[in-house]
Amino acid sequence: TFLKAMDATGGKAVWSKRRVRMEHGDGIPQDLVPRVRELGIVVVQNPTHLTLRDLMVRRYGNERANQLQPLRSLFDSGIPLALGSDGPANPYLNIMLATIYPSKPQEAITREQAVTAYTLTSAYAEFAEKDKGSLEPGKLADLAVLSQDIFKVPPDDLPKTESVLTLVNGKIVYDAKVLTVH
C-alpha cells in the first residue's frame with residue numbers, strides 16, 4: 001500500500017531524491033525490493049525484531065515469514081539500510097543479531113556493514129552525512145572508544161561492549177577513566 005501510494009503521487013521522479021525512510025522495514029518481501037530501490041527508500045531495520053520469528057509465523061504464516069525481514073538482500077540490491085533499536089538500548093546486541101541473524105543466517109550482514117548501517121547510513125537517512133556518520137575532518141567528531149574490539153570478539157561477547165570514552169561534537173561527555181595518557 002505504501003509503495004502504491006508513492007507510485008500514485010509521482011513515483012521515482014518525485015520520491016527517489018527525497019530519502020523517504022521506511023521505519024520498521026521488516027515487512028519488505030523479496031518481490032518488492034526492486035521497487036523500494038527504485039523509489040530511493042532508506043530502510044531502517046531493528047535487529048531485535050529478528051528474534052521474533054515465532055510471532056512473524058503466527059501473524060503471516062511460515063511462507064511469508066520466510067520472505068520478511070531482509071538484511072543482506074537489501075544491501076546486495078543497493079538499498080540504503082540503517083539500523084536502529086526499539087528494544088534494549090544496546091547497539092552491540094543489535095550488531096550481534098544483524099551479523100548472526102538467528103533464524104535466517106543467509107540474510108546476516110557483516111559487522112562492518114552493521115556499523116556502517118548504524119553510523120553513515122543513518123546519517124544519510126537524515127541528510128546529515130556531511131556532518132556525521134564517519135570520522136573525517138570537518139565533521140562533528142561524535143565517537144566512542146569501546147571496551148573491546150567489536151570486529152574481533154566472538155559474536156556472543158558483542159553485547160558486553162561498553163563505551164569507556166564518548167565524545168559528542170568533539171567534547172567529552174562520558175569518561176570511565178580507564179584510559180591512561182602517556
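Computed from a predicted model, the values in this text were never measured in an experiment.

1. Describing the overall build of the chain
Step number 1: Looking only at helices and strands, the chain features nine helices and six strands.
Step number 2: Dimensions of the chain, computed from the C-alpha atoms along their principal axes, are close to 60 × 35 × 25 Å.
Step number 3: Each of the 182 residues in the chain was classed as buried or not, and the buried ones make up 39%.
Step number 4: A separation threshold of at least 6 residues defines the contact pool for the chain, and within that pool the share at least 24 residues apart is 58%.
Step number 5: Per element, the accessible surface of the chain, about 10300 Å² overall, is 55% carbon and sulfur.
Step number 6: Positive and negative side-chain charges in the chain, numbering 22 and 21 respectively, have mean positions lying 4 Å apart.

2. Comments concerning the environment of glycine 78
Step number 1: Structurally, glycine 78 can be placed in the loop between α6 (72–77) and β3 (81–83).
Step number 2: In sequence terms glycine 78 and arginine 37 are 41 residues apart; their C-alpha atoms lie 6.9 Å from each other.

3. Regarding the nonpolar core
Step number 1: Formed by 30 residues in total, the largest nonpolar core has its most connected members in Val36, Ile41, Val43 and Leu71.
Step number 2: Put simply, the parts of the chain that give this core at least two residues each are α1 (2–8), α3 (33–38), β3, α7 (91–100) and α8 (111–118).
Step number 3: Ignoring any residue separated from it by four or fewer positions in sequence, one finds isoleucine 41 in contact with Phe2, Leu3, Met6, Val20, Met22, Val36, Ile79 and Pro80.

4. Structural notes on the packing of α7 against α8
Step number 1: Close contact between α7 and α8 brings their axes to 9 Å; oriented N to C, the two are set at 135 degrees. With respect to α8, the element α7 is oriented oblique. Handedness of the α7/α8 crossing: right-handed. Only Arg111, Ala114, Val115 and Tyr118 of α8 make contact with α7, whose side of the interface consists of Pro91, Asn94, Ile95 and Thr99.

5. Structural notes on unusual backbone geometry
Step number 1: Positive phi is not limited to glycine here, since glutamine 69 has a value of about 60 degrees.
Step number 2: Looking at where glutamine 69 falls in the secondary structure, it is placed in the loop between α5 (62–67) and α6.
Step number 3: For glutamine 69, a relative accessible area of 4% corresponds to the buried category.
Step number 4: With phi around 55 degrees, asparagine 169 is a residue other than glycine that occupies positive phi space.
Step number 5: Assessed through its relative accessible area of 45%, asparagine 169 is described here as partly exposed.

6. Observations concerning the environment of aspartate 54
Step number 1: Tracing the sequence through the fold places aspartate 54 in helix α4 (residues 53–60).
Step number 2: The spacing of aspartate 54 and alanine 65 is 11 residues in sequence and 9.0 Å in space, taken between C-alpha atoms.

7. Here we look at the pairing of strand β6 (residues 171–175)
Two faces make up the sheet, and in a regular strand the side chains alternate between them.
Step number 1: With zero of its five residues buried, β6 lies for the most part at the surface.
Step number 2: The pairing of strand β5 (residues 163–168) with β6 spans four bridges and is classified as antiparallel. Counterpart to valine 168 in the pairing with β6 is lysine 171.

8. Let's talk about the pairing of β5
Step number 1: Bridging between strand β4 (residues 143–146) and β5 involves four bridges; their strand directions are antiparallel. Residue valine 145 lies in a different strand from β5, and its bridge partner there is leucine 165.
Step number 2: Hairpin connection between β5 and β6: a loop of two residues separates the two successive antiparallel strands, and asparagine 169 in this loop has a positive phi of roughly 55 degrees.

9. Here we look at the packing of aromatic side chains
Step number 1: In this structure the tally under the stated criterion is zero aromatic pairs.
Step number 2: The ring of phenylalanine 127 has arginine 19 lying over it, and the distance from NZ or CZ to the ring centre is 4.2 Å.

10. Quick look at the sheet that holds strand β1 (residues 21–23)
Step number 1: The strand order across the open sheet built from three strands is β1-β2-β3, with neighbouring strands paired in parallel fashion. The sheet terminates laterally at β1 and β3, the two strands that pair on one side only. Geometrically, the sheet is characterised by an average inter-axis angle of 25 degrees between neighbouring strands, direction not taken into account.
Step number 2: Of the strand pairs in this sheet, strand β2 (residues 42–45) and β3 are connected by three bridges, and their pairing is parallel. Its bridge partner being in β3, valine 43 is matched across the sheet by leucine 81.

About the thresholds
- Residues numbered from 1 in each chain as written.
- Predicted model: local features only at pLDDT ≥ 70, side-chain atom pairs only at ≥ 80, totals over all residues.
- Heavy atoms only, no water.
- Helix = DSSP H or I, 4+ residues; strand = E, 2+ residues; numbered from the N terminus.
- Buried < 20%, exposed > 50% of the residue type's maximum accessible area, 1.4 Å probe, protein only.
- Contact = heavy atoms within 4.5 Å.
- Areas by Shrake-Rupley, 256 points an atom, 1.4 Å probe, with all protein chains shown as cover.
- Lys, Arg positive; Asp, Glu negative; His and termini not counted.
- Charge placed at Lys NZ, Arg CZ, Asp CG, Glu CD.
- Core = buried A, V, L, I, M, F, W, Y, C linked by side-chain atoms within 4.5 Å.
- Axes fitted to C-alpha atoms, helices over the stretch in contact; angles between N-to-C directions.
- Parallel < 35°, antiparallel > 145°, perpendicular 65-115°, else oblique.
- Left-handed = near helix turned anticlockwise from the far one by under 90°.
- Pairing = 2+ DSSP bridges.
- Phe/Tyr/Trp six-rings, centres within 6.5 Å; stacked < 30°, edge-to-face > 60°.
- Lys NZ or Arg CZ within 6 Å of the ring centre and 35° of its normal.

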